[in-house]
Amino acid sequence: MSTSLDKVRNIGISAHIDSGKTTLTERILYYTQRIHAIHEVRGKDGVGAKMDSMELERERGITICSAATYCSWKDYAINIIDTPGHVDFTIEVERALRVLDGAVLILCSVGGVQSQSITVNRQMTRYNVPRIAFINKCDRTGANPGRVTAQLREKLQLNAIAIQLPIGLEADMEGIIDLVTMKAVYFDGDNGDVIREEEIPAALKEEADIAREEMLDAVSMFSDELMEAVLEGTPTVEMIRDAIRIGTLKLELTPVMVGSAYKNKGVQLLLNAVGDYLPCPTDVKNIALDLDNKEAEVQVSNQPGDPLVALAFKLEDGRYGQLTYVRTYQGTIKKGETIVNTRTGKKVKVGRLVRMHSDEMEEIDESGSGDIVALFGIDCASGDTFTDGKINYSMSSMHIPAPVISLAVTPVDNKAQGNMSKALNRFTKEDPTFKTFMDEETGETIISGMGELHLDVYIERMKREYGAELKVGAPQVAYRETITQRAEFNYTHKKQTGGSGQYGRVAGFLEPFEGEYEFVDAIVGGTIPREFISACDKGFQKSMPKGALTEAPITGVRVTINDGASHAVDSSDVAFQLAAIGAFREGYLKASPVLMEPIMKVSAEGPTEFQGAIMGSLNQRRGMIIGTSEEGNYTVVDAEVPLSEMFGYSTILRSLTQGKAEFTMEFSVYRQVPKAVAETVIQERLKLKKK
Amino acid sequence: MQKDDLIAKNPLRIFAQDGAGKEITQRMGLVMARAGLGKTAILVQIALDNILRGRQVLHVSVGASLEKTKVWYDDILQDIAEGAKLERPQEIRDAVMRNRLIMTFKEAEFTRPKLEERLNDLVYQNVLRPACVVVDGFDFAGAGREAVADIRELMTVMDLQFWFSAVIHREDNRVSAAGVPAPCHEVDDLFDTVMLVNPVTDSPSLSLDVIKDATGCVKPGKALTLDPSTYLVKKA
């Protein structure tokens, strides 16, 4: 990329479902002349928005895979990643945020800060991503950008400062007042291409003056020069922009803009703000781990001349073959050169290098530091780091949540079997939260992920993209087992009849533990010889994947061994492993094992009149209502509900609230299943096993 | 220490029974203090005392977020668990989760009809049957006597205990005959119990003075103390 690094912006667009992010991205592509016509997300022309390139995304009107695209605005080169709005696809959002330098947080001017905005904001905070807030849909009935700005402060604890005001709202929205330049901006022409600047209408002048004063008060905290100029009454546009930029980059200020992407209002000003206020790659401190130096943290340089460090953050297997999206943190990737995957140590040759524009691409010869491009035919997993071999760095690992739901998929014939394998191979490489394994007893293929919709989408993709016809089982909750009290064991494994004998005695106790598993060696006097201690540990660990209640994995156990016995001839590694397995079995049942289930944090929101119905429906699902927040005619009910009770809830909620309420959920914690429910689950598992 | 010891040793138990040992079910209680002296912490402890005694609590937060209110409970429970060396703190946390519900309202939106509707919803949907409602952040200065009298009536109708918090402003010296400062000086007759948080001269601790109690549980003048670092209530 020929653009200098200070003119590069790697940005993400994140928001709650239906806040209009795909529409906004579509407008950005139009105004930056990457596309020459506007198509709506659910448009009558049947073309669908550009960024929703997968058929399924177009059909459902939500974005599933984050398509990366490149555009240029004025003298800025902008890489945009359009990210999904549903919590089930959070890993996509998280991966995007990991490689981006800044983000635009879109909010609906009617819905305001909704549950997913809170999740996305939390993720942005985790990755220190500076952001601009864009209050979209100001043309909608009930639009209230002032209320949304207040919510940004209250609910997201952001120092949100309006730098624009709308000229009119709902159907009367005409344009935008820019509080930095103190001009009224109108968007003329069929697609809002022609920008007309005017004086602020007299009726709004006082409101604009007050809002500007408020903005200057907040912004001048980041610049002494501006503060002095404000006191003297001489602040310039440049001073204000510089101060907003400083505050935004420090994550201490969130400039708030307004507009309506659908009505073509405000998008060009947002693009200006991306250049003015969001960071360039050199503004952001990125850390790599030096694998040759005990994983010491090293700050990457962003210099194109330095050794290469690039992160593969997304894999896609589209019609052009396997595509690997990479972000370069330092150095340059050149076509034809060899790069090294630091996880596997494998060298790979860069065949084709492309800049992606949704599902179209542009061949390039090299990609400099700070850029986001795609490579062809590179075998790697999402999250792998590439270098040129001169250094051995790995970009810090990403937080990956464990799957909470699984279901069995059975291909209908041999052809479908082959296609399903290909699809699963690709999906598991692309999405670390999507896992698959074969159930040894039933021979079924089990897929697991972060929610019903998550698995639903992959099943649909297997059918549509790979032609894999499948029979799909009912969703199963990923139960776990744990113990609730200390229990002793003293087990002897003895086989001394015929052939070489086996002998090992292991004694000690199991007790509840806050982590997953811990082994404590408290043997004194060598009752178990040192060389067999690790065999005991191995035996106990082998017992953990299958609990005695439902064969669910066991977690939260500390095993302490404090006594035992061995035989000079018949004791061996195998004998002590088997003794430990026996000892665990003996102790486990005495330690009052219980079943644990995933509890989801559910946030349901809808009109206040349905608050009682929403609470009742969650309560009936063994939900624990944490609280409710009322604002105007809208209410949010927060609850913790077992995942097993949430299947099909969206249909129930819709019918209870005339389709006016929606909910999101994400995994919160594993908690003990109530006894009566556990009995049922155990009986059902037993029945299944007998079948 | 176990849950039962915690209940027995809780200094706030003094408000549970009247002089004859009869359980108090209805009460309009008020905790007053200057900003930052622990009103919310006291309300949370009153709520926790009720929950530990097996009563359900609705915590109404006017103007504060749900998350912020939840954090108050988490922090105070943590302090109690550490201070009392609780054997099974998770058991208490679970009890709190099951028996407490937080409702947040914008200032202008909290009214008796709305609260009554929500309380009826909770009972009808079998979500919660509160015996105690704590209201934090109620705007006494703007609300007027009628609004407070309305809530007192609701207390009788629904057989509840209400506990409110109110902020005292240093510059406002108005006081009722019973010694209740502004902004509650004109509605003090609508409250059965009024407590005031006062800094103790030459000491970092705070005193929780009972300046009015019409239920017969406590003699006016009795004081509890507050740990200034944790805001936990202690016996004086």
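Higher on the page you've got the structure.
Residues numbered from 1 in each chain as written. Chains lettered and ligands numbered in written order. Predicted model: local features only at pLDDT ≥ 70, side-chain atom pairs only at ≥ 80, totals over all residues. Heavy atoms only, no water.

Draft legend 1. Layout of the overall build of chain A. Scanning chain A from N- to C-terminus turns up 16 helices and 38 strands. By the burial criterion, 57% of the 691 residues in chain A qualify as buried. Restricting to contacts in chain A with at least 6 residues of sequence separation, those with at least 24 account for 71%. Counting every atom, chain A has about 28700 Å² of accessible surface; 48% of that belongs to carbon and sulfur. (Helix = DSSP H or I, 4+ residues; strand = E, 2+ residues; numbered from the N terminus. Buried < 20%, exposed > 50% of the residue type's maximum accessible area, 1.4 Å probe, protein only. Contact = heavy atoms within 4.5 Å. Areas by Shrake-Rupley, 256 points an atom, 1.4 Å probe, with all protein chains shown as cover.)

Draft legend 2. Quick look at the overall build of chain B. Summing up its helical and strand segments, chain B has seven helices and nine strands in all. For a compact globule of 236 residues, the expected C-alpha radius of gyration is about 18 Å, and chain B comes in at 17 Å, within 12% of that figure. When the backbone C-alpha atoms are referred to their principal axes, chain B occupies close to 50 × 45 × 40 Å. A fraction of 70% describes how many contacts in chain B between residues 6 or more apart in sequence connect residues 24 or more apart. Measuring between centres, the 30 positive side-chain charges of chain B sit 4 Å from its 34 negative side-chain charges. (Rg over C-alpha atoms; globule rule 2.2 N^0.38 Å. Lys, Arg positive; Asp, Glu negative; His and termini not counted. Charge placed at Lys NZ, Arg CZ, Asp CG, Glu CD.)

Draft legend 3. Spatial organisation of a negative patch on the surface. All names here are of chain A. There is a patch of like negative charges on the surface, built from D224, E225, E228, E232, E238 and D242. At the level of elements, α7 (224-232) and α8 (237-249) are the ones that each hand at least two residues to the negative patch. Looking at the negative patch, the element that brings in the most residues is α7, giving four residues. Position of E232 relative to the elements: it lies in helix α7. (Patch = residues over 30% accessible without salt bridge, like charges linked within 9 Å, V, L, I, M, F, W, Y side chains within 5 Å. Salt bridge = Lys/Arg side-chain N within 4 Å of Asp/Glu carboxyl O.)

Draft legend 4. Representation of the packing of aromatic side chains in the model. A complete count under the given rule lists 21 aromatic pairs over all chains for this structure. Consider the rings of F489 of chain A and F540 of chain A, whose centres lie 5.6 Å apart with planes at 50 degrees: the pair is tilted. In this pair, F489 of chain A is assigned in strand β31 (residues 487-495) and F540 of chain A in helix α12 (residues 533-543), connecting sequence segments 51 residues apart. By relative accessible area, F540 of chain A is classed as buried at 0%. Members of the aromatic cluster, each reached through a chain of ring pairs, are F105, F110, F138, F140, F162, F164 and F191 of chain B. Above the face of the F509 of chain A ring, R486 of chain A is positioned so that its terminal group lies 3.6 Å from the ring centre. (Phe/Tyr/Trp six-rings, centres within 6.5 Å; stacked < 30°, edge-to-face > 60°. Lys NZ or Arg CZ within 6 Å of the ring centre and 35° of its normal.)

Draft legend 5. Spotlight on the nonpolar core. If you look at the biggest cluster of nonpolar residues, it comprises 77 residues, and the most contacted ones within it are M462 of chain A together with L58, F140, F162 and F164 of chain B. Sort the elements by how many residues they give to this core and helix α11 (residues 452-466) of chain A lands first, with five residues. When residues are assigned to domains, this core turns out to be shared by domain 3 (405-475) and domain 5 (598-687) of chain A, each giving three or more. Counting 75 residues, the second largest nonpolar core, distinct from the first, contains L107, I161, M215 and V274 of chain A. (Core = buried A, V, L, I, M, F, W, Y, C linked by side-chain atoms within 4.5 Å. Domains from an automatic or database assignment.)

Draft legend 6. Local environment of the sheet that holds strand β13 (residues 296-299) of chain A. Residues and elements named next belong to chain A. If you walk across this open sheet you meet the three strands as β13-β12-β24, and the pairing is antiparallel. The outermost strands of the open sheet, each flanked by one partner alone, are β13 and β24 (393-395). For this sheet, the mean inter-axis angle between neighbouring strands, taken without regard to orientation, is 40 degrees. Where strand β12 (residues 287-290) meets β13, four bridges bridge the pair, whose relative direction is antiparallel. What sits directly across from L289, in β13, is E297. (Pairing = 2+ DSSP bridges. Axes fitted to C-alpha atoms, helices over the stretch in contact; angles between N-to-C directions.)

Draft legend 7. Inspection of the pairing of strand β17 (residues 338-341) of chain A at higher detail. Residue and element names in this part refer to chain A. Inspection of the sheet shows β17 paired to strand β18 (residues 347-349) by three bridges, in the antiparallel sense. Considered in β18, the bridge of V340 is made with K347. Bridging between β17 and strand β23 (residues 385-387) involves two bridges; their strand directions are antiparallel. When the bridges of β23 are listed, V340 appears paired with T387.

Draft legend 8. Spotlight on unusual backbone geometry. Cis geometry is adopted by the peptide bond preceding P183 of chain B, which originates at A182 of chain B and carries an omega value of 10 degrees. Position of P183 of chain B relative to the elements: it lies in the loop between β5 (161-168) and β6 (193-199). Phi at E170 of chain A is positive, roughly 55 degrees, even though this residue is not glycine. With respect to the secondary-structure elements, E170 of chain A resides in the loop between β7 (164-167) and β8 (175-178). We note that N126 of chain B has phi near 60 degrees; this positive angle belongs to a residue other than glycine. In this structure, N126 of chain B sits in the loop between α5 (112-124) and β4 (130-136). By relative accessible area, N126 of chain B is classed as exposed at 59%.

Draft legend 9. Representation of the interface of chain A and chain B within the structure. Each side of the interface is counted separately: chain A has 20 residues, and chain B has 19 residues. Roughly 1700 Å² is buried in total at the junction of chain A and chain B, and carbon and sulfur atoms are behind 52% of that figure. Looking at the side of chain A facing chain B, the largest losses of area belong to M624, I626 and E630 of chain A, adding up to 32% of the total buried there. For the interface between chain A and chain B, the tally reads three salt bridges. A salt bridge links E154 of chain A to K106 of chain B; the nearest nitrogen and oxygen atoms lie 2.6 Å apart. Our enumeration of links across chain A and chain B arrives at 10 residue pairs in polar contact (both at pLDDT 80 or more). The set of elements that each furnish at least two residues to the side of chain A that touches chain B consists of α14 (611-620), β36 (624-631) and β37 (634-642) of chain A. Per-element accounting of the side of chain A that touches chain B gives the leading share, eight residues, to β36 of chain A. For the side of chain A that touches chain B, a count of residues per class yields five nonpolar, nine polar and six charged. Relative to strand β3 (residues 100-105) of chain B, β36 of chain A runs parallel, the two sharing three bridges. Counterpart to G627 of chain A in the pairing with β3 of chain B is I102 of chain B. (Buried area = accessible area lost by both parts, 1.4 Å probe. Polar contact = N/O pair within 3.5 Å; in protein donor to acceptor, adjacent residues only side chain to side chain. Nonpolar A, V, L, I, M, F, W, Y, C, P; charged D, E, K, R; others polar.)

Draft legend 10. Up close: the packing of α7 of chain A against α8 of chain A. Residues and elements named next belong to chain A. Across the interface, α7 lies against α8 with an axial gap of 9 Å and an inter-helix angle of 135 degrees. By the angle between their directions, the pair α7 and α8 is classed as oblique. The chirality of how α7 crosses α8 is left-handed. Along its contact with α7, which presents E225, L226 and A229, the element α8 presents M239, I240 and A243. (Parallel < 35°, antiparallel > 145°, perpendicular 65-115°, else oblique. Left-handed = near helix turned anticlockwise from the far one by under 90°.)

Draft legend 11. Structural view of the sheet that holds β7 of chain A. All names here are of chain A. Sheet architecture is open: four strands sit in the order β7-β8-β9-β10, paired in antiparallel fashion. Strand pairing shows two members of the sheet lacking a second neighbour, β7 and β10 (194-198), which therefore form its edges. Shown here is a sheet whose adjacent strand axes are inclined to one another by a mean of 30 degrees, direction ignored. Pairing analysis gives four bridges linking β7 to β8, with the strands arranged antiparallel. Opposite I167, over in β8, you have G175 as the bridge partner. The sheet contacts of helix α6 (residues 202-219) involve β7 and β8, and relative to β7 the element is tilted by about 165 degrees.

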